[in-house]
Amino acid sequence: MAKVELKAPIVDEIKGYVADAKAAVLVDYRGLTVEQDTRLRKQLREAGVVYKVYKNTMLHLAFDGTDYAQLDQHLEGPTAVAFGIDDETAPARILNDFAKEAEALQFKGAIVDGTYYDEAGIKVLAKIPSRDVLISKLLGSLQSPITNFARVVKQIAESGDGEAAAAE
C-alpha cells in the first residue's frame, strides 16, 4: 500500500503534463555526459519543453487511457520524455538537432496531436519550423502582394496616367 501512495503524486504529475501537452517524445538518453545532459535540458527549458526522466511503470500508468498509451511499446530501458506544451514540434526539433552532436541520444517514439510517430517520423517532424516561424512566413508572403500593389498604384498616380484612365 505504501508503494502505491508514493507513486500516486508522480503519476499525477505526469498526467498533468499529458493533459497539457500537444506532443511527447520519448528518448533513450544512455551515454550522454553530464555536460551534454545539462546543455540539452537548458535548450529544452528555454523552448518551453518539459523534459523529465521517469520510471517506465509511472509513464505507463499516466499514459493509460490516453493517446500517449501508444508509446507503451517503447517503455523499456532508460526513458526520458519531452513534453511540448506550447509548440508541437519543439521537442522533436530540439532533440533532433541535439542528437546530431550527441549520437548517444536515441529516439524511441512520439505522439503529436494524437498521432504516433516512429524514429523516422520524428526526424521528419523535426524539420517543421516552429509555429511562430510559420506564422511570420505566412504574414510575410501575404504582405508582399499588398506592398507591390501599393507601389504600382503609387507609380500610376505619380506618372499622371491615373487621371487619363479615370477620364475614360
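Residues numbered from 1 in each chain as written. Predicted model: local features only at pLDDT ≥ 70, side-chain atom pairs only at ≥ 80, totals over all residues. Heavy atoms only, no water.

A.B. asks: Would you mind going over the overall build of the protein chain with me for this structure?
C.D. replies: A count of helical and extended segments in the protein chain gives seven helices and five strands. Walking the protein chain from its N terminus toward its C terminus, one meets helices and strands in the order α-β-α-β-α-β-α-β-β-α-α-α. The proportion of buried residues among the 168 residues of the protein chain is 35%. Across the protein chain, contacts joining residues at least 24 apart in sequence account for 78% of those joining residues at least 6 apart. Looking at the protein chain as shown, the accessible area adds up to about 10200 Å², and 56% of this sits on carbon and sulfur atoms. (Helix = DSSP H or I, 4+ residues; strand = E, 2+ residues; numbered from the N terminus. Buried < 20%, exposed > 50% of the residue type's maximum accessible area, 1.4 Å probe, protein only. Contact = heavy atoms within 4.5 Å. Areas by Shrake-Rupley, 256 points an atom, 1.4 Å probe, with all protein chains shown as cover.)

A.B. asks: Honestly, the pattern of salt bridges in this entry has me stumped. Any pointers?
C.D. replies: Oppositely charged side chains can pair when the atoms bearing their charge come close. Applying the stated criterion across every chain, the model contains ten salt bridges. Of the charged contacts, one joins D87 and R93 as a salt bridge, the two residues approaching to 3.1 Å between their closest N and O atoms. For D87, a relative accessible area of 14% translates into the label buried. Between E158 and K154 there is a salt bridge, and its shortest N-O distance comes to 3.8 Å. (Salt bridge = Lys/Arg side-chain N within 4 Å of Asp/Glu carboxyl O.)

A.B. asks: What am I meant to see in helix α2 (residues 34–46) here?
C.D. replies: Note that an α-helix has 3.6 residues per turn; residues three or four places apart therefore point the same way. Taking 1.5 Å per residue as the helical rise, α2 with its 13 residues ought to reach 18 Å, and the 18 Å between its terminal C-alpha atoms agrees with that figure. Buried within α2 we find Q36, D37, L40 and L44. Mapping the buried residues of α2 onto a view down its axis gives an arc of 95 degrees, with all of them on the same face. Opposite its buried face, α2 presents the exposed residues V34, R45 and E46, each directed more than 90 degrees away. Residues of α2 that are buried sit in contact with β2 (49–53) and α4 (90–101). In the segment just after α2, G48 is the residue with positive phi, at about 75 degrees. (Expected span 1.5 Å × (residues − 1). Arc of directions from axis to C-beta.)

A.B. asks: Please clarify how the packing of aromatic side chains should be interpreted in this entry.
C.D. replies: Within the structure shown, the criterion is met by two aromatic pairs. Measuring from ring centre to ring centre gives 5.9 Å for F63 and Y68, while their planes differ by 35 degrees; the resulting arrangement is tilted. Overall, F63 belongs to the buried group, its relative accessible area being 0%. (Phe/Tyr/Trp six-rings, centres within 6.5 Å; stacked < 30°, edge-to-face > 60°.)

A.B. asks: Sorry if this is basic, but what is going on with the sheet that holds strand β5 (residues 115–117) here?
C.D. replies: Two pairing modes exist for strands in a sheet, parallel and antiparallel, and in both the strands are linked by backbone hydrogen bonds. Read across the open sheet, the five strands follow the order β2-β3-β1-β4-β5; overall the sheet is antiparallel. Bordering the open sheet on either side are β2 and β5, each of which pairs with just one other strand. The average angle at which neighbouring strand axes cross in this sheet is 15 degrees, direction not considered. Sheet topology note: the strand β4 (residues 106–112)/β5 ladder contains three bridges and is antiparallel. The residue bridging I111 from the neighbouring strand is Y116, located in β5. (Pairing = 2+ DSSP bridges. Axes fitted to C-alpha atoms, helices over the stretch in contact; angles between N-to-C directions.)

A.B. asks: Where do I start with the packing of α2 against α4 in this structure?
C.D. replies: Any two packed helices are characterised by the angle at which their axes cross and by the distance between the axes. The N-to-C vectors of α2 and α4 enclose an angle of 155 degrees; their axes lie 10 Å apart at closest approach. Classified by the angle between their axes, α2 and α4 sit roughly antiparallel to one another. Once α2 is placed against α4, the crossing between them reads as right-handed. Along the contact surface, α2 presents Q36, R39, L40, Q43 and L44, while α4 presents I94, L95, F98 and E101. (Parallel < 35°, antiparallel > 145°, perpendicular 65-115°, else oblique. Left-handed = near helix turned anticlockwise from the far one by under 90°.)

A.B. asks: Sorry, what's going on with the environment of V11 here?
C.D. replies: Relative to the helices and strands, V11 is located in helix α1 (residues 2–20). Classification of V11 by relative accessible area gives buried; the value is 7%. On a C-alpha basis, the gap between V11 and L59 in space is 7.2 Å, while along the polypeptide they are 48 residues apart. Excluding its chain neighbours within four sequence positions, the residues that come into contact with V11 are M58, L61 and A62.

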